[in-house]
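# Tertiary structure, described
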Amino acid sequence: MMGNRGMEDLIPLVNRLQDSLSGVQQSCSLHLPQIAVVGGQSAGKSSVLENFVGRDFLPRGSGIVTRRPLILQLLSADTEYGEFSHCKGKKFTDFDEVRIEIEAETHRLTGSNKGISPVPISLRIYSPHVLNLTLVDLPGITKVPIGDQPADIEYQIRDMIMQFICKENCLILAVTPANTDLANSDALKLAKDVDPQGQRTIGVITKLDLMDEGTDARNILENRLLPLRRGYIGVVNRSQKDIDGKKDIKAALLAEKNFFLSHPAYKHMAESTGTLYLQRILNQQLTNHIRDTLPAFRSHLQSQLVDLNKEAEEFRQYRPDDPARRTKTLLRLVQRLAVDFEKLIEGSGSKVDTVNLSGGARINRIFHERFPYELVKLESDERKLRREINYAIRNIHGVRTGLFTPDMAFEAIVKKQISMLQEPCVQFVDMVSQELITTVYQCINEVIRKGWLTISNIGIMKGGAKEYWFILSAESLSWFRDDEEKEKKYMLPLDNLKLRDVEKGFMSSKCVFAIYNTELRNVYKDYKCLELACCSQEELDSWKSSLLQAGVHPEKVTVDGRGNGAPENFSDPQLERQVETIRSLVDSYMSIIYKTFKDLMPKTVMHLMINSVKEFISSELLAQLYALGECSALMDESPEQQRHREEVLRQHAALKEALAVVGKFSTSTCTTPLPPPVDSSWIQASSPTRRKNSVTKPVVSRGHALSVRRVPAPHTVATSADGLRQLAGQPSRAPPSVPRRHPPAIPNGK
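Residues numbered from 1 in each chain as written. Predicted model: local features only at pLDDT ≥ 70, side-chain atom pairs only at ≥ 80, totals over all residues. Heavy atoms only, no water.

## Regarding the overall build of the chain
Each helix and strand counted, the chain has 21 helices and 18 strands in total. Within the span of the chain, comprising 750 residues, buried residues form 46% of the whole. A fraction of 76% describes how many contacts in the chain between residues 6 or more apart in sequence connect residues 24 or more apart. Total accessible area computed for the chain in this model is approximately 39,700 Å², and 52% of it derives from carbon and sulfur atoms. (Helix = DSSP H or I, 4+ residues; strand = E, 2+ residues; numbered from the N terminus. Buried < 20%, exposed > 50% of the residue type's maximum accessible area, 1.4 Å probe, protein only. Contact = heavy atoms within 4.5 Å. Areas by Shrake-Rupley, 256 points an atom, 1.4 Å probe, with all protein chains shown as cover.)

This is the structure we're talking about:
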């Protein structure tokens, strides 16, 4: 394998692809082949990586030291130095400086509170002492939070690891110490979840020198006990005492070799154990894996490029300062706004929303549901109405006793009843007006507001109050980890949301408001409301105004205005008859008024508001914009649009470059077939606990016993027709399912 030139070029090929696609992999959903190193805290992951390089360059300490994924690219070269993707052009020849830079870059994004981030650090190391490899060092699996870590730290780390190992292009290096129970290995359990067939999992057993006296891991390393399809490789790393004493890694590798040569259980397999053998095997396995996945990766690149071609061609001919372009773009935008607005109002759009009501449907609901409901709520209390009629009649008669029912009493009561219709009618107009504004924003898909807010009602057991970058649009409220807007935490639709004020805490100086669902549904996870805090009252008012613009109205505090006085007793039969007569007349008259309002208000609003807005957008908006004399400033390219244009062009160029790199590579190389499957059903969450290190007793093999050290002789994949038929006859790998285990239970801290 080492003499096969085509195979040796495969890993540098992926590294060149990594350079070409740097910064666009996440947006293009491209996953390059690599090896993810998974294991518990203090399992020896970092020591294995340092042994590969032959240098001390990774941070050390207690607790979680690796708090961001480290993509480590090892490249064979004549000189020895390191390069970071975020420090392009700078070569690090002192590996102490490499460690300091990793710590500084980790601290820059995660702070000093032991928090973690899935955003990787990319480090490339050139050295004459390494084989070509691409590895990802992931945070160690932990179960108990330390310091001010969130209570769900295990779930966060597991989620981060899953983001890497669930990708089909990722090999999994499951690191487990020999002095722990292998059947309960967290690394192997995670690997089993995403790779049930064992096609991508390689086992590494560390700390063989720390096992109890009289025990050994021979049966495991020979793949006879708890077998894996790709088997296990044993290594011996430096102890903490060796690291503190600055023991040279070359001396440590020599000591490792002597350990395997002198140990009675391992000396017969000494040539197939140790760090150098592991490095060769990983180089071989990664190379084979790259070759197997390259055709599918090329097809994915081509499909992504086709999707971007049209938009990239438009942006390539784009000239931001061209006056003709500005005029043409403004006219096209206004015309598109008019068409989109009319489609949303009339319901004739080609895309039908099957999830939420929008545009004309929401206005129709206001016409036929909300407004009639507001009118029904105005029906007055019978006792109160009779008392008002009684007082009106008696006040009109004065000191005399009237013989006839006075008309003025009827007029006074009816006028009062009609005046009560003013509030629901004004509210009706406001609701329609707000829906029209929301529809316009929906047409232009504009972000209404961005800014930092703190979610203050998250329980301490679930991480406590956290600050996020919020983006409010006409349809949703989203928040991100930071203002780079790469890691979206949640998106909350604005339907049926209202906001209310929240009193300041005793020790808090922040202003707080809450968002809740009027249908009493959870707005975020298991929370009925979301309390958001900002630094000043001015900022609070600004956010409330923006939310109102997006259609989230403040709740109304209703006051019970019913009288608590004793019921009115009519001692005069004649007065009682007059009250009953007027009450009957008022009911009949007001029913006519209600029906008239229900019919006329929607028609009036439709004519004076909705049709007028449509006419204004299609006929007068462009003239009004030119009358302002600021069309040039209006058509300046926004920073968001500029970033989007540059991102599309960068993605397009990167995809073309990546396809060119892949196109120059010949796939007529040697490969090694995948070992046959073994029974790995022993890797289960509910596995019975085995006695620690009791691996020297004879155990019946579960499945085919395969030693990873006996690597079959490579065969050449022919490019002739017969060769292709022979390749096609090989069994294809079934894509493994990716089950998701439920996160660990978190105490309710609300």
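## Description of unusual backbone geometry
Across residues other than glycine, the phi torsion is negative in most instances, and most of the peptide bonds are trans. The backbone phi angle of N496 is positive, close to 60°, even though this residue is not glycine. Inspection of the secondary structure puts N496 in the loop between β12 (488-493) and β13 (497-502).

## Remarks on helix α11 (residues 275-316)
Taking 1.5 Å of rise per residue, 42 residues should cover 62 Å, yet α11 covers just 50 Å from first to last C-alpha, more than 12% shy of that figure. Its axis deflected by about 45° at L294, α11 carries its strongest bend there, up to four residues before the proline P295. (Expected span 1.5 Å × (residues − 1). Bend = angle between axes of the 7 residues up to and from the residue.)

## Quick notes on the packing of aromatic side chains
Applying the stated criterion across every chain, the model contains 15 aromatic pairs. Aromatic side chains F410 and Y589 sit 5.8 Å apart centroid to centroid with 80° between the ring planes, which places their arrangement in the edge-to-face category. With a gap of 179 residues between them, F410 in helix α15 (residues 407-419) and Y589 in helix α18 (residues 573-628) connect regions that are remote in the sequence. Residue F410 is classed as partly exposed on the basis of its relative accessible area of 22%. Through successive ring pairs, a cluster of aromatic residues spans F470, W479, Y490, Y524 and Y527. (Phe/Tyr/Trp six-rings, centres within 6.5 Å; stacked < 30°, edge-to-face > 60°.)

## What to know about the packing of helix α16 (residues 422-444) against α18
Each pair of packed helices can be summarised by the angle the axes make with each other and by the distance between the axes. It is the contact of α16 with α18, at a shortest axis distance of 11 Å, that shows an interaxial angle of 35°. Every pair of crossing elements has a handedness; the one defined by α16 and α18 is right-handed. Along its contact with α16, which presents C425, F428, V429, V432, S433 and L436, the element α18 presents F597, M601, P602, V605, M609, I610 and V613. A per-class count over the contact of α16 with α18 returns 12 nonpolar, 1 polar and no charged. (Axes fitted to C-alpha atoms, helices over the stretch in contact; angles between N-to-C directions. Left-handed = near helix turned anticlockwise from the far one by under 90°. Nonpolar A, V, L, I, M, F, W, Y, C, P; charged D, E, K, R; others polar.)

## Some words on the pairing of strand β10 (residues 466-473)
Across the 8 residues that make up β10, a large majority, 6, are buried. One ladder, built from 4 bridges, connects β10 with strand β11 (residues 476-480); its direction is antiparallel. Paired with W469 across the two strands is F480, which belongs to β11. Connecting β10 to the next strand, β11, in antiparallel fashion are 2 residues. (Pairing = 2+ DSSP bridges.)

## A short note on the sheet that holds strand β6 (residues 170-177)
Taken in spatial order, the 8 strands line up as β3-β4-β2-β5-β1-β6-β7-β8 in an open sheet, and their pairing is mixed. If you trace the sheet from one side to the other, it starts and ends with β3 (81-84) and β8 (232-234), each paired once. Neighbour-to-neighbour, the strand axes of the sheet open up by a mean angle of 25°, direction not taken into account. Relative to β6, strand β1 (residues 34-39) runs parallel, the two sharing 6 bridges. The partner of I35 across the bridge, within β6, is L171.

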